[in-house]
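Tertiary structure, described
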Amino acid sequence: MGWVRSLTVIALTFGAASVEAFKEQEFKKCADSGFCERLRGKQGDSYSADPKSIQLNGAVVTAKVQHDASGAAYDLQLTNYNGILRMHIDEAASKHRFQVPWVLQSELPDSSQAWTKTRQSSSLLQLQSGSAQLTLTFKPLRVDLSIAGTPAASFNARQMFQYEYLREKQEGDPAGWWEETFKGHTDSKPKGPQAISLDLSFPGFQHVYGIPEHAASFALKPTTGEGIESEPYRLYNLDVFEYNLDSTFGLYGSIPLMLAHKAGLTTAAFWLNAAEMLVDVASDNSGTQTQWVAEAGVLDLFFLLGPDPATVLQQYGRISGTTAMPQMFSLGYHQCRWNYKDETDVLGVNAGFDQHDIPYDVIWLDIEYLDDKKYFTWDKNYFPTPIDMQDKLAVTGRKLVVIIDPHIKRKSDYYVFSEGESGSYFTKNKDGKDYEGWCWPGSSSWVDCLNPASRDWWAGLFSLSRFQGSTKNLYIWNDMNEPSVFNGPEVTMPKDNIHHGGVEHREMHNINGALFHAATWQGLEERGRDSYGSDGDRPFILTRSAFAGTQRLGALWTGDNKAEWPALKFSVPMCLSLSIAGLPFVGADIAGFFGNPDAELFTRWYQLGAFYPFFRGHAHLEAKRREPWLYDGTTTDRVREAIRMRYALLPYVYTLFRLAHTHNQPLMRPLWYEFPDEAETFSMDDQFLLGPSILVAPVTEAGASSREVYLPTSTRWYNFHSGTAMKPASTGGLLRSQESPKNSIKVDMDSIPIFLRGGSIVPRQERARRSSLQMQGDPFTLIVALNDSAAASGALYLDDGHSFAYKRGVYTERALTYADSVLSNAAAGIASTLLPSLDVSVPLPAGAKGLKSDAVVERIVVLGLPGGPAGWKATVQGSSQFLQAGPGPLRLKQGLPESGLIIRKPGLPIAAEWSIRLSKSS
Ligand SMILES: *[C@@H]1O[C@H](CO)[C@@H](O)[C@H](O)[C@H]1NC(C)=O
């Protein structure tokens, strides 16, 4: 939650005048930052590489670079990592600049690949690797990349590269170099100006994406407009209360990864730098031009050469790691509010879900459960027996999540504070003393997670013996980790605060939240090994702040949104931007944090939220209670239906997470991810795909009776509720009018339009249960949706759902295929069917026996059989016995059309080889 409620506290403590400073419009714009003012739009400074200094050594090119006017010297290094090009520039003289730790994966250096020199002259060097070509022009310094002859990206084509060198302070230096003040906060800048600017052009690309987190459209709008539309995208992690929509404003997380896409080529750039960064976007007929300015750090730029979306994401995973395999429970529904009052309240809500037959997995406690806002404690008046409470939840298959934040109350009899103080684990102020600021507990200090010793100490606090009142059924929520500081500049920490190793907060601000998240992860990982044995327990930790690499730790939600229709709509581009930037475990608060949604908005938000990778209801302290049964009965029915739809899809969602874990593939995908040549989809963000097979078209307007849906033309689609086929693509789609490429789909309040892609097989578990735990071992339904060549494929991944045993091969991967009238189930990597373009399967560890499962297939639905679903026989190959088969509805629900061939109770094990032949009965 945000800082709004603290206004009264602050007004009382600091006087009313400082309340002014907390209004949103009081956050910085470009004109308020010295480095942005100096470098934004600045062009024409010449930097050059010395031709005599060029050395090519296998995968690495090095060169001496200088700023021609001042003679300032830099070292350039270009490294080829086979599909990834890394460009590193640092000052030659002063090596004191901060290089972001923790993000890069250790395997990266091993994948380097020697360049082939194709040309060298006094003015340029040309290198080739696979289909990638690099041209390094010496003066002015410039790098051009092309893939298979198509220009992909250029560095410094517009001569905006600037690298402010570290220097001694001198009389007459310009104002703002050594100090600047914003709204009464003075930033002493002991290192002076140290910003870096660069321009990247994407020739021929009209669309760029990514660089979250902003409440902005998915395809990034140019920043060349008027007024607020002229502000650059800001990457600076901030706690912005009730953030504005359609804005370039910096929010809680920052991932400096930008993708560029056009028909035939996808490429990306990632700047590993954790200082405040500003990005401008402009476009014209020649393509898209961008300028990036960072306040500090080094230039460490990675080009991901693609050439397609899946490969770009995989390349990014090689740099920054892939998504942690989540626990199954964390993919179910989460019920949160600020606050569930006491133990009776928690257990009452838990029982309410059972009374209303609504599945859910996790109940959450916000900050009011604490004694005096001291983390790792409980308010004994309201939570006298927390272990009992967690045990009672566990009996019903549910977990508890509690909030633990990085600000530590400064109170000498509070053990976390006294240990932090005596161990020197807190962030320091510019004078080297423990930094003190104001947050929920009042006067606080902040854990310095750049310090490995602080991280180890913090992790230890989560052990069951130290965290009184905790059980192994308890998981964690890290909020306020930007960090949010109520009385700090822009509600965060001063940039001249000092971290471990003398690093200024300015240099590492954007990774602060991720490092805190990582320390908490370490704590739960250690706790898991202590309490579950060597296979451990996968941590679940929700975070608000994020950086590149956060995907390795857990889930993120999009912060303090409003219970209003536009916020529902913007949740889609926000989640898409995060997903495409390598952070797929995302969702927005349902049905808006602030305010009171009416029944219609509440329903629509659950209907969309069931397809967010992270699915949580949450509400502000002052919002009315809104557990799903507190509206009218019809609303409860619709919300139950939406949540059950999610639970039925858990096998598919879990399989997608496996693909995120092994191949860094997002769950929420823009349409162009799967249909990269359909240009109509390039700026689309009001519909999306969940994995390759399910298209979701949320209803985000009040009173809607229809909505437009674009169905990619290169395949056929089925209505996911009824199973009815849209007409094959060759006839232009079912409802497509002559003029519009979109289909106008009628909607009612019962559901939102969802479509199943022809050619896919989706596994489901359709028995309604209390929680995901009770679904373990439940039988499967396979939905086989045939394409125009009467074929389909899909996959299923299964493991124990909670431990790390999968790392030693305790899992099974099934390839499900339908071709030539035969449906077969075979052991094969899920990438072989879900990701044929990459097709790099992960082999079982040597000697591993895989997962044993007794679960069976209880139903198979085949949609789109030539000639309709009537008159088919089904036999198991190798047996002469017919299975029960005949036309029926897609789902076990009254009143649906008989849209498919239903094979009833085949009873075949899900984790075994078999095949079923369909034939026409004559
Ligand atoms: C149909 O699906 C199969 C299996 O995924 C695929 O090999 C084939 O190319 C698809 N055919 C069409 C026309 O899309």
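Residues numbered from 1 in each chain as written. Predicted model: local features only at pLDDT ≥ 70, side-chain atom pairs only at ≥ 80, totals over all residues. Heavy atoms only, no water.

1. A few points about the overall build of the chain
Each helix and strand counted, the chain has 16 helices and 51 strands in total. Against the 2.2 N^0.38 benchmark of 29 Å for 922 residues, the chain shows a C-alpha radius of gyration of 28 Å, consistent with a compact globule. Overall, the chain is about 95 × 75 × 60 Å in size when its C-alpha atoms are taken along their principal axes. A burial count over the chain gives 63% of its 922 residues as buried. Of all intrachain contacts in the chain linking residues separated by at least 6 positions in sequence, the fraction that spans at least 24 positions is 72%. As displayed, the chain offers around 30800 Å² of accessible surface, 50% of which is attributable to carbon and sulfur atoms. (Helix = DSSP H or I, 4+ residues; strand = E, 2+ residues; numbered from the N terminus. Rg over C-alpha atoms; globule rule 2.2 N^0.38 Å. Buried < 20%, exposed > 50% of the residue type's maximum accessible area, 1.4 Å probe, protein only. Contact = heavy atoms within 4.5 Å. Areas by Shrake-Rupley, 256 points an atom, 1.4 Å probe, with all protein chains shown as cover.)

2. Considerations on the state of the cysteines
This model, assessed by the stated rule, comprises one disulfide. For C30, the disulfide goes to C36, at an S-S distance of 2.0 Å. Its torsion about the S-S bond being -105°, the disulfide of C30 and C36 is classed as left-handed. Comparing C30 with C36 shows no difference in burial state: the two are buried. C449 supplies the cysteine sulfur nearest to C439, a cysteine that is in no disulfide, at a spacing of 15 Å. By relative accessible area, which is 2% here, C439 ends up buried. (Disulfide = S-S within 2.5 Å.)

3. Brief notes about helix α9 (residues 505-532)
Spanning 28 residues, α9 covers 38 Å between terminal C-alpha atoms, matching the ideal 40 Å at 1.5 Å per step. Helix geometry: α9 is bent most strongly at I511, by close to 60°. When you tally the buried positions in α9, you get 21 out of 28 residues, the bulk of the element. At the exit of α9 stands G533, carrying a positive phi of roughly 90°. (Expected span 1.5 Å × (residues − 1). Bend = angle between axes of the 7 residues up to and from the residue.)

4. Topic: the side chain of T603
Mapped onto the fold, T603 is located in helix α11 (residues 599-609). Excluding its chain neighbours within four sequence positions, the residues that come into contact with T603 are T635, R638, V639 and M749.

5. Side note on the sheet that holds strand β22 (residues 333-335)
Read from one edge to the other, the open sheet built from eight strands follows the order β33-β32-β31-β28-β24-β23-β22-β34, with strand pairing classed as parallel. A single partner strand is all that each edge strand has here, and the edge strands are β33 (586-587) and β34 (615-617). Pairing analysis gives four bridges linking strand β23 (residues 362-365) to strand β24 (residues 399-403), with the strands arranged parallel. For I363, the partnering residue across the bridge sits in β24 and is L400. Seen against the sheet, α9 touches β28 (474-478), β31 (541-543) and β32 (555-557) and runs at an angle of roughly 175° to β28. (Pairing = 2+ DSSP bridges. Axes fitted to C-alpha atoms, helices over the stretch in contact; angles between N-to-C directions.)

6. Section: the site of the ligand
As a structural note, the neighbourhood of the ligand is formed by G759, N787, S789, A791 and S793. One of the side-chain nitrogen or oxygen atoms of S789 is found 2.7 Å away from a nitrogen atom of the ligand. Here an oxygen atom of the ligand sits 3.1 Å away from a polar atom, N or O, in the side chain of S793. In isolation the ligand has 360 Å² of accessible area, and contact with the protein removes 47% of it. Partitioned by chemical class, the residues of the shell around the ligand number one nonpolar, four polar and no charged. (Near = heavy atom within 4 Å. Polar contact = N/O pair within 3.5 Å; in protein donor to acceptor, adjacent residues only side chain to side chain. Nonpolar A, V, L, I, M, F, W, Y, C, P; charged D, E, K, R; others polar.)

7. Description of the packing of helix α5 (residues 343-355) against helix α6 (residues 386-395)
Look at α5 against α6: their axes get within 11 Å of each other, and the N-to-C directions meet at 0°. By the angle class used here, α5 and α6 are roughly parallel. Touching E343, V346, L347 and N350 of α5 are P386, M389, K392 and L393, all from α6. Residue classes in the contact of α5 with α6 are distributed as five nonpolar, one polar and two charged. (Parallel < 35°, antiparallel > 145°, perpendicular 65-115°, else oblique.)

8. Points about the packing of aromatic side chains
Evaluation of the coordinates by the stated rule reveals 55 aromatic pairs. Here F804 and Y806 contribute two aromatic rings whose centre-to-centre distance is 6.2 Å and whose plane-to-plane angle is 40°, an arrangement assigned as tilted. Of the two residues examined, F804 and Y806, each falls in the buried class. One cation-aromatic arrangement involves K262 over F205; the distance from NZ or CZ to the ring centre is 4.6 Å. (Phe/Tyr/Trp six-rings, centres within 6.5 Å; stacked < 30°, edge-to-face > 60°. Lys NZ or Arg CZ within 6 Å of the ring centre and 35° of its normal.)

9. Looking at the pattern of salt bridges
Taken as a whole and assessed by the stated rule, the structure comprises 53 salt bridges. Linking R625 and D345 is a salt bridge whose minimum nitrogen-to-oxygen distance equals 2.8 Å. With R625 in the loop between β34 and α12 (633-648) and D345 in helix α5, this residue pair connects regions lying 280 residues apart in the sequence. For R625, a relative accessible area of 34% puts it in the partly exposed group. Given the relative accessible area of 13%, D345 is considered buried. Through salt bridges that share partners, D187, R234, E276, E295, E490, K495, E504 and R506 make up one connected network. (Salt bridge = Lys/Arg side-chain N within 4 Å of Asp/Glu carboxyl O.)

10. Description of the sheet that holds strand β39 (residues 717-719)
Read across the open sheet, the five strands follow the order β35-β36-β37-β41-β39; overall the sheet is antiparallel. Each edge of the open sheet carries a strand with a single partner, namely β35 (668-669) and β39. Bridge count between strand β36 (residues 688-690) and strand β37 (residues 694-696): three bridges; the pairing is antiparallel. Counterpart to L690 in the pairing with β37 is I694.

11. Examining the confidence of the model for the chain
The predicted model of the chain has a mean per-residue pLDDT of 93, with 95% of residues at 70 or higher. Here residues 5-23 is modelled with pLDDT under 50, and outside its nearest four sequence neighbours on either side it reaches 27 contacts, counting other chains as well. Counting interchain partners and residues more than four positions distant, the pLDDT-below-50 stretch residues 728-740 has 22 contacts. (pLDDT = per-residue confidence, 0-100.)

12. Considering the pairing of strand β44 (residues 792-799)
As a general feature of sheets, a regular strand has side chains that alternate between the two faces. The buried count for β44 comes to seven of eight residues, which makes it a mostly enclosed element. Inspection of the sheet shows strand β42 (residues 760-764) paired to β44 by two bridges, in the parallel sense. By the bridge assignment for β44, I761 is matched with G794. As defined by bridge partners, β44 adjoins strand β45 (residues 811-819) across eight bridges and the pair is classed as antiparallel. Among the inter-strand pairings, D799 is bridged to a residue of β45, identified as Y811.

13. What about the environment of N596?
Residue placement: N596 occurs in the loop between β33 and α11. For the pair N596 and G44, spaced 552 residues apart in sequence, the C-alpha separation works out to 53 Å. Excluding residues that lie within four positions of it along the chain, N596 makes contacts with A563, A623 and K624.

14. Some words on the packing of helix α8 (residues 452-460) against α9
Helix-helix packing: each pair is described by the crossing angle between the helix axes and the interaxial distance. Contact geometry of α8 with α9 gives a least axis separation of 7 Å together with a crossing angle of 45°. In terms of orientation, α8 lies oblique with respect to α9. In the packing of α8 onto α9, the handedness of the crossing is right-handed. Where α8 approaches α9, its residues R455, D456, W458, A459 and G460 are matched on the opposing element by L515, F516, A519, T520, Q522, G523 and E526. When grouped by side-chain class, the residues that make up the contact of α8 with α9 number five nonpolar, four polar and three charged. (Left-handed = near helix turned anticlockwise from the far one by under 90°.)

15. Overview of the pairing of strand β5 (residues 84-91)
Counting buried positions over the eight residues of β5 gives eight, a clear majority of the element. Residues of β5 alternate between two faces, with I84, R86, H88 and D90 on one and L85, M87, I89 and E91 on the opposite face, all of them buried. Pairing of strand β4 (residues 73-80) with β5 involves seven bridges; the strand directions are antiparallel. Looking at the pairing, L76 lines up with I89 of β5.

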